Amino acid sequence: MNGEVDDMSEQPDPDDTASEESERDIYMRFMKCHKCYDIIPTSSKLVVFDTTLQVKKAFFALVANGVRAAPLWESKKQSFVGMLTITDFINILTRYYKSPMVQIYELEEHKIETWRELYLQETFKPLVHISPAASIFEAVFSLIKNKIHRLPVIDPVSGNALYILTHKRILKFLQLFVCEMPMPLFMTQTLEDLSVGTFTNIAFIHPDTPLITALSVFVHRRVSALPVVDRNGKVVDIYSKFDVINLAAEKTYNNLDVTVTQALRHRSQYFEGVMKCNKLETLETIVDRIVKAEVHRLVVVDEESRIVGIVSLSDILQALVLMPAGLRRKESLPSQRTALDSTDTGTGCKPGLDQDQHQEQGQHQSQDQHQEPRTETDQDQDL
């Protein structure tokens with residue numbers, strides 16, 4: 001009799017199994033129940049540029065207004081046609097920079113529409129945007145599917161741009177309500193168990209890497225941040241695309257031969273240091289840390305602070321919302337850890353150093369891309 005009771009007690013309770021399945025997709029269901037309109041703040045700043053504006057003035061305007069991207073309005077079409085982002089600034093610098101002695105004419109004189117024509121060269125694609133009435137789940141799906149970091153919310157009736165949605169804003173909104181929801185079991189699992197983040201083919205730079213080389217890596221690797229590591233692989237700093245805007249703020253973009261260390265001395269905001277984690281920490285811990293720190297990524301390190309990988313906001317939203325829904329990005333080709341030698345303008349294999357990275361989004365869709373294994377390679381919709 002006791003044996004029969006023991007056998008029965010070991011069988012899983014169907015109600016418990018159903019409950020676990022229900023909890024697993026709870027964040028997905030939460031986002032399907034809320035609209036993009038719910039996430040738009042009551043007061044926010046949105047800068048819009050006409051495509052006839054000079055490129056130089058547009059970047060200065062981004063700096064002056066403290067924004068990272070702006071929708072582009074084309075008067076001839078009476079519609080939004082793209083986004084201008086820091087990625088565009090980097091693309092212009094890397095394409096036309098020659099030396100500190102030669103002025104970058106294209107940056108000084110070109111209009112946005114000229115740059116779009118030269119850069120896109122007949123590869124124009126429609127602006128990826130979303131309606132305020134669409135669900136936040138649709139926004140997350142669009143961000144990750146289209147491999148972008150910024151998603152304009154446009155009113156389908158008036159045609160007005162209302163807001164620019166980002167991974168950061170969505171995750172922060174979710175975090176406000178997390179305490180009111182049951183915690184899915186996967187939140188207690190580690191990054192390693194869940195395979196969240198990127199642990200191969202991670203681009204990084206050294207303190208003495210020339211700035212122009214770092215900018216070239218942003219373009220060719222389509223990442224939005226480059227960990228700065230010393231010769232032992234220890235993470236000592238990080239150089240992000242957002243840091244590049246300081247070149248416009250200080251009008252120092254005509255000398256890109258300086259080192260990354262020299263460039264980082266001109267950070268416009270207080271820098272608390274590189275936000276890190278290790279791959280044995282739980283997803284719950286990671287989400288809490290990245291939201292509280294208000295950063296776009298965590299650098300994964302080992303016990304000696306040597307770089308192992310990177311976890312991006314896109315990785316996290318993928319794990320919280322899309323994976324429980326059975327949606328995954330297409331697998332990328334197998335890749336290796338990649339280091340950047342400061343004496344070379346390319347990337348090469350550096351044994352013993354795993355690395356990860358993040359990216360932004362621009363409107364012409366030379367967008368940085370998110371891949372599996374997930375890397376910080378999502379990009380702003382450029383132009």
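Just so it is clear, the model here is predicted, and its values are computed rather than measured. (Residues numbered from 1 in each chain as written. Predicted model: local features only at pLDDT ≥ 70, side-chain atom pairs only at ≥ 80, totals over all residues. Heavy atoms only, no water.)

## Here's the deal with the pattern of salt bridges
Here is step 1 of the chain: Evaluation of the coordinates by the stated rule reveals 8 salt bridges.
Here is step 2 of the chain: Asp208 serves as the salt-bridge partner of Arg231, at 3.5 Å between the closest nitrogen and oxygen. Note that Arg231 is positioned in the loop between strand S6 (225-229) and strand S7 (235-240) and Asp208 in the loop between helix H11 (191-194) and helix H12 (211-221), a separation of 23 residues in sequence.
Here is step 3 of the chain: A residue is classified by how much of its surface remains accessible, and Asp208, at 41% relative accessible area, is partly exposed.
Here is step 4 of the chain: Within this structure, Asp302, Glu304 and Arg306 form a network of salt bridges that share partners. (Salt bridge = Lys/Arg side-chain N within 4 Å of Asp/Glu carboxyl O. Helix = DSSP H or I, 4+ residues; strand = E, 2+ residues; numbered from the N terminus. Buried < 20%, exposed > 50% of the residue type's maximum accessible area, 1.4 Å probe, protein only.)

## Considerations on H12
Working note: α-helix, 3.6 residues per turn, so residues spaced by three or four point in the same direction.
Here is step 1 of the chain: Here H12 lies mainly inside the structure; 9 of its 11 residues are buried.
Here is step 2 of the chain: Every buried residue belonging to H12 is among Leu211, Ile212, Thr213, Ala214, Leu215, Ser216, Val217, Phe218 and Arg221, and all of these are buried.
Here is step 3 of the chain: Phi for Arg222, located one or two positions after H12, is positive at around 50 degrees.

## With respect to the pairing of S7
Here is step 1 of the chain: Of all 6 residues in S7, 5 are buried, a share of seventy percent or more.
Here is step 2 of the chain: Of the strand pairs in this sheet, S6 and S7 are connected by 5 bridges, and their pairing is antiparallel. Of the residues in S7, the one forming a bridge with Ala225 is Ser240.
Here is step 3 of the chain: Hairpin connection from S6 to S7: 5 residues lie between these consecutive antiparallel strands, with Gly233 at a positive phi of about 85 degrees. (Pairing = 2+ DSSP bridges.)

## Some remarks on the environment of Lys45
Here is step 1 of the chain: Take Lys45: it is sitting in the loop between helix H4 (36-39) and strand S1 (49-50).
Here is step 2 of the chain: With 21 residues separating them along the chain, Lys45 and Gly66 place their C-alpha atoms 9.1 Å apart.
Here is step 3 of the chain: Those residues in contact with Lys45 that sit more than four places away from it in its chain are Asn65 and Val67.
Here is step 4 of the chain: Reaching out from Lys45, the side chain makes a polar contact with the backbone oxygen of Asn65 at a distance of 3.4 Å. (Contact = heavy atoms within 4.5 Å. Polar contact = N/O pair within 3.5 Å; in protein donor to acceptor, adjacent residues only side chain to side chain.)

## Concerning the sheet that holds strand S3 (residues 79-85)
Here is step 1 of the chain: Reading across from one edge, S1-S2-S3 is the order of the 3 strands in this open sheet, with mixed pairing throughout. Two strands close off the open sheet at either side, each with one partner strand: S1 and S3.
Here is step 2 of the chain: Pairing analysis gives 2 bridges linking S1 to strand S2 (residues 69-74), with the strands arranged parallel. From the neighbouring strand, Asp50 faces S2, where its bridge partner is Trp73.
Here is step 3 of the chain: In this fold helix H5 (residues 55-65) packs onto S1, S2 and S3, with an angle of close to 75 degrees to the strand it touches most, S3.
Here is step 4 of the chain: Of the strands in this sheet, S1, S2 and S3 touch helix H8 (residues 112-120), which is tilted by about 85 degrees from S3. (Axes fitted to C-alpha atoms, helices over the stretch in contact; angles between N-to-C directions.)

## Here's the deal with the sheet that holds strand S10 (residues 307-312)
Here is step 1 of the chain: Strand order across the open sheet formed by 3 strands is S8-S9-S10, with mixed pairing between neighbours. The sheet is open, and its two borders are formed by strand S8 (276-277) and S10, each paired with just one other strand.
Here is step 2 of the chain: Looking at chain direction, strand S9 (residues 297-301) and S10 are connected through 5 bridges and run antiparallel. Bridging from a neighbouring strand, Val299 pairs with Ile310 of S10.
Here is step 3 of the chain: Sheet strands touched by helix H15 (residues 283-293): S8, S9 and S10. Its angle to S9, the strand with the most contacts, is close to 130 degrees.

## Here we look at unusual backbone geometry
Here is step 1 of the chain: One non-glycine residue, Arg222, lies in positive phi territory at about 50 degrees.
Here is step 2 of the chain: With respect to the helices and strands, the residue Arg222 is situated in the loop between H12 and S6.
Here is step 3 of the chain: Accessibility expressed as a relative area gives 30% for Arg222, which makes it partly exposed.
Here is step 4 of the chain: Phi is positive for Ser305, close to 65 degrees, though the residue is something other than glycine.

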